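# Fold and geometry: a report
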Amino acid sequence: MVLAALLLRSFLAASRADIKFDAAHAAYAGINLAKQFPDKAARARFIDDAERRLAALPGVTSVARTDRLPFALTGNVSAIEIAGLRGPLRDGAFSVDVTNVSAGYFDTLRIPIVSGRAFDARDRGKDSMPAVIVNETAARRFWPGREAVGQHLKVRGDREWTVVGVSADHPVRAVGEAPRPFVHFAIDQLSPGFVSLVARTDGSATALAAAMRRELLAIEPRLAFMGMEPVSAMANVTLVPSRAATWLLGAFGALA
């Protein structure tokens, strides 16, 4: 009974935790672009058409792309090298959670940029300066006592990237977790095979998800979705293990 009470208290604290961004009015549609559009030109046309259609939906205020939303069950981790700083990996690198996002991503999820700038037209194409945005925890850990904007990091075996902005911290893997370093790469400089189209509305996120499905299928009727729901639902999924454990121990406590 004591264990059940403690776990219930932890679960309630996690469920009431501030996720630090506004997921209540955003919805997403996950698509495996590489599988459904093997031709890169067709892939680019689909993205342009999709963003145009979604932006024209009633109530939609912004549209963006990412290959990893907060609380996604499949996370991206990269080995990051920082000049003058040795990490815990064998070659001195740091294992860091990463994502690729488009211009408008931070506005769509209402994630503040606390220093520098968000991605924009300057960060499109392979010939543009490789740009990243790090969160506050990454800025403090990798460049303590210094301004992170203008610093550089390198992905193991890849090119050097310049920090153009610092974003506010928010949970990455689960609600209530301790702040962790998070690095955002400009998606238009990488073109990943998987993408989540994210839209923000001033109305219902559930209704928006249904409208997004309709518009995207109008472009490609055979489109298969890897996920489609309000962004807030992803946060709730991370609480499922705690919720199940709480009910299980609660039942055993009541039986005892």
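Higher on the page you've got the structure.
Residues numbered from 1 in each chain as written. Predicted model: local features only at pLDDT ≥ 70, side-chain atom pairs only at ≥ 80, totals over all residues. Heavy atoms only, no water.

Turning next to the pairing of strand 8 (residues 160-167). Of all eight residues making up strand 8, seven are buried, and the element is well covered by its neighbours. Here strand 5 (residues 113-116) runs beside strand 8; their pairing, made up of three bridges, is antiparallel. Bridge pairing in strand 8 places Ser115 opposite Val166. Judged from the five bridges that link them, strand 6 (residues 131-135) and strand 8 form a sheet pairing that is parallel. Bridging across to strand 8, Val132 finds its partner in Val163. The pairing of strand 7 (residues 152-155) with strand 8 spans three bridges and is classified as antiparallel. Directly across from His152, in strand 8, lies its bridge partner Thr162. Linking two consecutive strands that pair antiparallel, namely strand 7 and strand 8, is a turn of four residues; a positive phi of about 75° is found at Gly157 within it. (Buried < 20%, exposed > 50% of the residue type's maximum accessible area, 1.4 Å probe, protein only. Helix = DSSP H or I, 4+ residues; strand = E, 2+ residues; numbered from the N terminus. Pairing = 2+ DSSP bridges.)

Our focus in this paragraph is the packing of aromatic side chains. Under the criterion given, the structure shown has six aromatic pairs. When the centroid spacing of 4.7 Å and the interplanar angle of 25° are considered together, the rings of Phe37 and Phe46 count as stacked. Each member of the pair, Phe37 as well as Phe46, is classed as buried. Taken together, the aromatic side chains of Phe94, Phe142 and Trp143 make up a single cluster linked through ring pairs. (Phe/Tyr/Trp six-rings, centres within 6.5 Å; stacked < 30°, edge-to-face > 60°.)

As a further point, take the environment of Pro70. Structurally, the position occupied by Pro70 is in the loop between strand 2 (60-66) and strand 3 (76-81). The buried category is assigned to Pro70, whose relative accessible area is 1%. When the C-alpha positions of Pro70 and Arg173 are compared, they lie 6.4 Å apart, and in sequence the two are 103 residues distant. Those residues within four positions of Pro70 in sequence are excluded, and the remaining contacts are Phe21, Tyr105, Leu109, His170, Pro171, Val172 and Met234. (Contact = heavy atoms within 4.5 Å.)

As a further point, take the side chain of Thr99. Mapped onto the elements of the fold, Thr99 is located in strand 4 (residues 94-101). A residue is classified by how much of its surface remains accessible, and Thr99, at 1% relative accessible area, is buried. Of the polar contacts made by the side chain of Thr99, one reaches the backbone oxygen of Arg68; its length is 2.9 Å. Excluding residues that lie within four positions of it along the chain, Thr99 makes contacts with Thr66, Asp67, Arg68, Phe182, Val183, His184 and Phe185. (Polar contact = N/O pair within 3.5 Å; in protein donor to acceptor, adjacent residues only side chain to side chain.)

Sheet topology places strand 3 next to strand 4; five bridges connect them, and they run antiparallel. Its bridge partner being in strand 4, Ala79 is matched across the sheet by Ser95. Here two bridges tie strand 3 to strand 7, and the two strands are oriented antiparallel to one another. Each bridged residue has a counterpart across the sheet, and for Ile80 the counterpart in strand 7 is Val155.

Further remarks concern helix 3 (residues 40-55). With 16 residues, helix 3 extends 22 Å from end C-alpha to end C-alpha; this agrees with the ideal 22 Å at 1.5 Å per step. Considered for burial, the residues of helix 3 that qualify are Ala42, Arg43, Phe46, Ile47, Ala50 and Leu54. An end-on view of helix 3 places all buried positions within 140° of arc, on one side of the element. Every exposed residue of helix 3 that faces more than 90 degrees away from the buried side is listed here: Arg45 and Arg52. Against strand 1 (26-32), helix 2 (33-36), strand 2, strand 10 (194-201) and helix 6 (205-219) lie the buried residues of helix 3. Here helix 3 starts with a cap whose side-chain oxygen sits 3.3 Å from the backbone nitrogen of Ala41, and that cap is Asp39. (Expected span 1.5 Å × (residues − 1). Arc of directions from axis to C-beta.)

All we've got here are geometric facts, nothing functional implied.
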